Amino acid sequence: MKKEINTSMAPAAIGPYSQAIKVGNLVYTSGQIPINPATGNFVEGGIKEQTRQSLTNVKTILEEAGLTMANVVKTTVFLADMNDFADMNAVYAEFFAEQSGKAERFAEPYPARSAVAVKTLPKGALVEIEVLAIV
């Protein structure tokens with residue numbers, strides 16, 4: 001049986017879809033674009049800021065389901081321009097890092113990931129990110 005996951009801390013769905021769906025021990029998020037849920041607008045800045053907001057939206061949806069980014073097993077990143085890959089990747093890495101003492105190290109194993117360039121994204125976003133997490 002499927003269960004809808006919904007939080008006001010992430011942008012509301014603007015169509016016939018859910019922010020996330022839980023089925024068994026899996027949570028599937030819808031693609032998140034860089035909308036700040038407090039304003040309903042894109043965050044200011046470029047790919048780094050947009051990636052950070054998209055992943056923050058994903059994170060808050062997962063938190064609503066009682067999960068963290070450590071539960072993510074697969075991500076899909078859609079980019080409007082593959083030239084933005086390195087900057088997106090730098091911010092992406094921050095969301096899968098863990099604090100240990102004075103140094104930050106990357107949490108392993110990392111989720112599997114696909115990253116593709118697409119012709120356009122909703123509302124002209126530079127990035128959209130969806131994840132699959134395990135409970």
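You'll find the structure just up there.
Here is what the cut-offs are and how they apply
- Throughout this description, residue numbers start from 1 for each chain and increase along the sequence as written.
- In keeping with the model being predicted, local features are shown solely for residues with a pLDDT of at least 70 and side-chain atom pairs are shown and tallied solely at 80 or more, while totals for entire chains, interfaces and linings include all residues.
- The side-chain quantities take in all heavy atoms of the structure and omit both hydrogens and water.
- Two strands are said to pair when DSSP picks up at least two bridges between them.
- Runs of H or I in DSSP of at least four residues are treated as helices and runs of E of at least two as strands, each being numbered from the N terminus.
- Structural elements are reduced to axes, namely lines fitted to C-alpha atoms, with helices fitted over the stretch in contact, and the angle between N-to-C directions of any two is expressed from 0 to 180 degrees.
- Expected span of a helix, by definition, is 1.5 Å for each gap between consecutive residues, and there is one gap fewer than residues.
- Between buried and exposed lies partly exposed: a residue is buried under 20% and exposed over 50% of the maximum accessible area for its type, with that area taken using a 1.4 Å probe on protein chains only.
- Among the buried residues, those of types Ala, Val, Leu, Ile, Met, Phe, Trp, Tyr and Cys that are joined through side-chain atoms within 4.5 Å form a nonpolar core.
- Should the near helix be turned anticlockwise from the far one by less than a right angle, the crossing is left-handed, and should it be turned clockwise, the crossing is right-handed.
- We call two residues contacting when some pair of their heavy atoms lies within 4.5 Å.
- Under the scheme applied here, ten amino acids are nonpolar (Ala, Val, Leu, Ile, Met, Phe, Trp, Tyr, Cys and Pro), four are charged (Asp, Glu, Lys and Arg), and all others, including Gly, are polar.
- What qualifies as a polar contact is a pair of N or O atoms within 3.5 Å, subject to a donor-acceptor requirement within protein and to the restriction that residues adjacent in sequence count only when both atoms come from side chains.

Peer 1: Looking at this structure, how should I read the sheet that holds strand β6 (residues 72–79)?
Peer 2: Read across the sheet, six strands follow the order β1-β2-β3-β10-β6-β9 without closing on themselves; strand pairing throughout is mixed. Of all strands in the sheet, those bounded by a partner on one side alone are β1 (2–5) and β9 (112–117). Neighbouring strand axes in the sheet, compared pairwise and without regard to direction, differ in orientation by 15° on average. Bridge count between strand β2 (residues 20–23) and strand β3 (residues 26–29): four bridges; the pairing is antiparallel. Residue pairing across strands places Ile 21 opposite Tyr 28, the latter belonging to β3.

Peer 1: What exactly am I supposed to notice about helix α1 (residues 47–64) here?
Peer 2: At 3.6 residues per turn, the α-helix brings residues three or four places apart onto the same side. Here α1 contains 18 residues, and its C-alpha end-to-end distance of 26 Å stays within 8% of the 26 Å for a straight helix at 1.5 Å per residue. Listed as buried for α1 are Ile 47, Gln 50, Thr 51, Gln 53, Ser 54, Leu 55, Asn 57, Val 58, Thr 60, Ile 61 and Leu 62. One or two residues past the end of α1 sits Gly 66, with phi positive at roughly 80°.

Peer 1: Looking at this model, I keep getting lost on the nonpolar core. Mind explaining?
Peer 2: Among soluble globular proteins, nonpolar side chains are generally buried collectively. In terms of nonpolar packing, the biggest core is built from 23 residues, with Leu 62, Met 69, Val 72 and Val 77 touching the most fellow members. Secondary-structure elements contributing two or more residues to this core are α1, β6, α2 (85–95) and β10 (127–134). Looking at which element gives the most residues to this core, the answer is α1, with five residues.

Peer 1: What am I meant to see in the packing of α1 against α2 here?
Peer 2: Between two packed helices, what matters for the description is the angle formed by their axes and the separation of those axes. The contact between α1 and α2 brings their axes to 8 Å, and the two run at 35°. The two elements α1 and α2 meet at a crossing, and its hand is right-handed. Here α1 contributes Ile 47, Lys 48, Thr 51, Arg 52, Leu 55, Thr 56 and Lys 59 to the contact with α2, which in turn contributes Asp 87, Met 88, Val 91, Tyr 92, Glu 94 and Phe 95. Classifying every residue of the contact of α1 with α2 gives six nonpolar, two polar and five charged.

Peer 1: Explain the environment of Thr 39 to me, please; I cannot follow it from the model alone.
Peer 2: Along the chain, Thr 39 falls in the loop between β4 (35–36) and β5 (41–42). C-alpha of Thr 39 to C-alpha of Pro 11: the two residues are 28 residues apart in sequence and 9.4 Å apart in space. From its side chain, Thr 39 meets the backbone nitrogen of Asn 41 in a polar contact 3.1 Å long.

No statement about biological role is implied by the geometric values presented.
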